[in-house]
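This is what each chain is made of:
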Amino acid sequence: MAEKKGFRAAVAIPLMLVCFLIGVAAGFIGAAYLTYNESSDVFTDGDVQIHFLELGNKYAGDCIYIKAGDNDILIDAGSRTGSVPTIKNYVDQYCEDGVLEYVIVTHAHQDHYAGFATSENEDSIFDLYETEVIIDFSMTNQKSTSYMYSNYIRERQDEIDAGAVHYTAAQCIESGKSVFELGDGISMTILDSYYYYNESDTENDYSVCCLITHGDRNFLFTGDLEEDGEERLVEMNDLPEVDLYKAGHHGSKTSSSQALLQVIKPDYVAVTCCAGSPEYTDTAANQFPTQQFIDYIAPYTDKVYVTTLCVDYDSGEYTSMNGNIVFISGTTLEVVCSANNTLLKDTDWFAEARICPDAWK
Ligand SMILES: [Zn+2]
């Protein structure tokens with residue numbers, strides 16, 4: 001199932017030293033951007049850059065912008081329609097031609113597709129960019145009459161009429177067009193998933209899952225796929241160990257199952273959520289990122305980053321935790337966050353709200 005990283009033991013110590021030095025350097029760079037010149041927070045190096053965006057509100061939601069070779073890729077555009085200007089301002093720092101070569105819409109939940117599903121008199125991501133290829137979910141429980149879903153269908157059709165090529169994830173698999181070459185040694189693979197073809201009680205399971213590969217590095221994105229879907233994902237794909245895993249379902253206890261983690265053994269994890277928010281539950285341990293998620297992930301890595309922190313949900317107050325989380329894959333793999341590079345386990349929120357697992361002590 002898993003391969004790569006055969007070099008581990010022999011180079012572990014020098015590698016740790018290099019990682020430490022990179023970490024220190026990245027910390028300096030991150031601090032410099034924040035303190036002195038926020039507008040210079042634009043990365044020009046790295047063959048692949050993966051950006052987990054803060055979305056400018058108190059809600060959990062996904063929007064992942066990826067620069068891979070000459071390709072601009074957007075996975076989701078949550079978390080509310082009001083996030084569209086935030087997303088545009090961010091993406092325009094990197095995407096200069098107004099073209100998104102690939103847009104992936106994982107599933108029909110507001111916190112993932114709101115930015116594609118605006119009303120007719122509001123700009124959607126599809127209105128603001130020319131999209132070449134749209135890959136989206138094959139299944140949904142949304143009714144065609146639902147306001148947001150019908151907006152999505154209209155906005156998507158407008159983009160198709162303007163020239164975008166559209167595949168559902170199932171069509172990618174069934175037509176054998178599931179691997180997209182993005183540049184020298186860079187590819188994107190739409191993974192196969194049981195719930196591309198079968199009904200589920202939860203919309204989350206319909207999530208489009210993809211793997212981006214850069215040389216021997218792997219980056220995994222599973223949307224909000226839940227435990228049963230993850231188990232089937234492992235069965236249906238020859239998943240490698242991954243350098244980066246986007247925490248499934250915002251660090252919910254319904255995802256990041258042992259079945260998945262023991263195969264992918266992530267080195268880094270990015271959680272897109274508003275930490276400690278009661279958006280979905282008042283049970284503190286189950287608020288994102290959940291205690292179970294932390295316990296499950298801890299044996300593999302302590303390099304867990306979280307976009308946003310909930311300060312006061314009722315008043316709508318939130319602040320950056322790591323902020324925008326950026327992974328730069330060039331000669332090395334670096335992490336630079338817009339607010340700070342503090343690991344989740346070293347944050348004040350973690351000390352107050354979570355029980356530290358043994359692996360992190
Ligand atoms: Zn979600």
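All values derive from a computational prediction rather than experimental measurement. (Residues numbered from 1 in each chain as written. Predicted model: local features only at pLDDT ≥ 70, side-chain atom pairs only at ≥ 80, totals over all residues.)

A word on the sheet that holds strand E1 (residues 48–52). For sheets, the rule is that strands pair by backbone hydrogen bonds, running either parallel or antiparallel. Taking strand neighbours across the sheet as the criterion, the eight strands line up as E6-E5-E4-E3-E2-E1-E15-E16 in an open arrangement whose pairing is mixed. Only two strands of the sheet have a single neighbouring strand rather than two, namely strand E6 (165–168) and strand E16 (333–337). Neighbour to neighbour, the strand axes of the sheet diverge by 15° on average, direction disregarded. (Pairing = 2+ DSSP bridges. Helix = DSSP H or I, 4+ residues; strand = E, 2+ residues; numbered from the N terminus. Axes fitted to C-alpha atoms, helices over the stretch in contact; angles between N-to-C directions.)

Below, the discussion takes up the sheet that holds strand E7 (residues 179–183). Overall, mixed pairing links the eight strands, which are arranged E7-E8-E9-E10-E11-E12-E13-E14 in an open sheet. Looking at which strands have only one partner, the edges of the open sheet turn out to be E7 and strand E14 (317–320). On average, each strand axis in the sheet is tilted by 15° relative to the strand beside it, whichever way the strands run. Direction of pairing for strand E10 (residues 217–221) relative to strand E11 (residues 244–246): parallel, over a ladder of two bridges. Residue Leu220 lies in a different strand from E11, and its bridge partner there is Tyr245.

Residues separated by three or four positions in an α-helix point in the same direction, a consequence of the helix having 3.6 residues per turn. If you check which residues of helix H2 (residues 84–91) are buried, you get Val84, Ile87, Tyr90 and Val91. The arc that holds the buried residues of H2, viewed along the axis, is 135°, so those residues lie on one side. Summarising the geometry of H2, the exposed residues directed more than 90 degrees from the buried face are Pro85 and Asn89. Summarising the contacts, the buried residues of H2 are in contact with strand E2 (64–68) and helix H4 (125–128). (Buried ≥ 20, exposed ≤ 12 C-beta atoms within 10 Å, placed from the backbone. Arc of directions from axis to C-beta. Contact = placed C-beta atoms within 7 Å.)

Of note, Gly251 is situated in the loop between E11 and helix H8 (258–264). Classification of Gly251 as buried rests on a count of 27 C-beta atoms within 10 Å. Here the alpha-carbon distance between Gly251 and Thr272, two residues 21 residues apart in the chain, equals 7.9 Å.

With that settled, the discussion passes to the confidence of the model for the protein. Chain-level pLDDT for the protein is 90 on average; 87% of the residues reach the 70-or-more range. Within the model, the stretch residues 1–9 combines pLDDT values under 50 with twelve contacts to residues more than four positions away or in other chains. In this model residues 23–40 is a low-confidence stretch, pLDDT under 50, and it forms 15 contacts with partners more than four residues away in sequence or in other chains. (pLDDT = per-residue confidence, 0-100.)

In terms of burial, E2 is a largely internal element, five of the five residues being buried. The hairpin formed by E2 and strand E3 (residues 71–75) contains two residues between the paired strands, and Gly69 there has a positive phi angle of roughly 60°.

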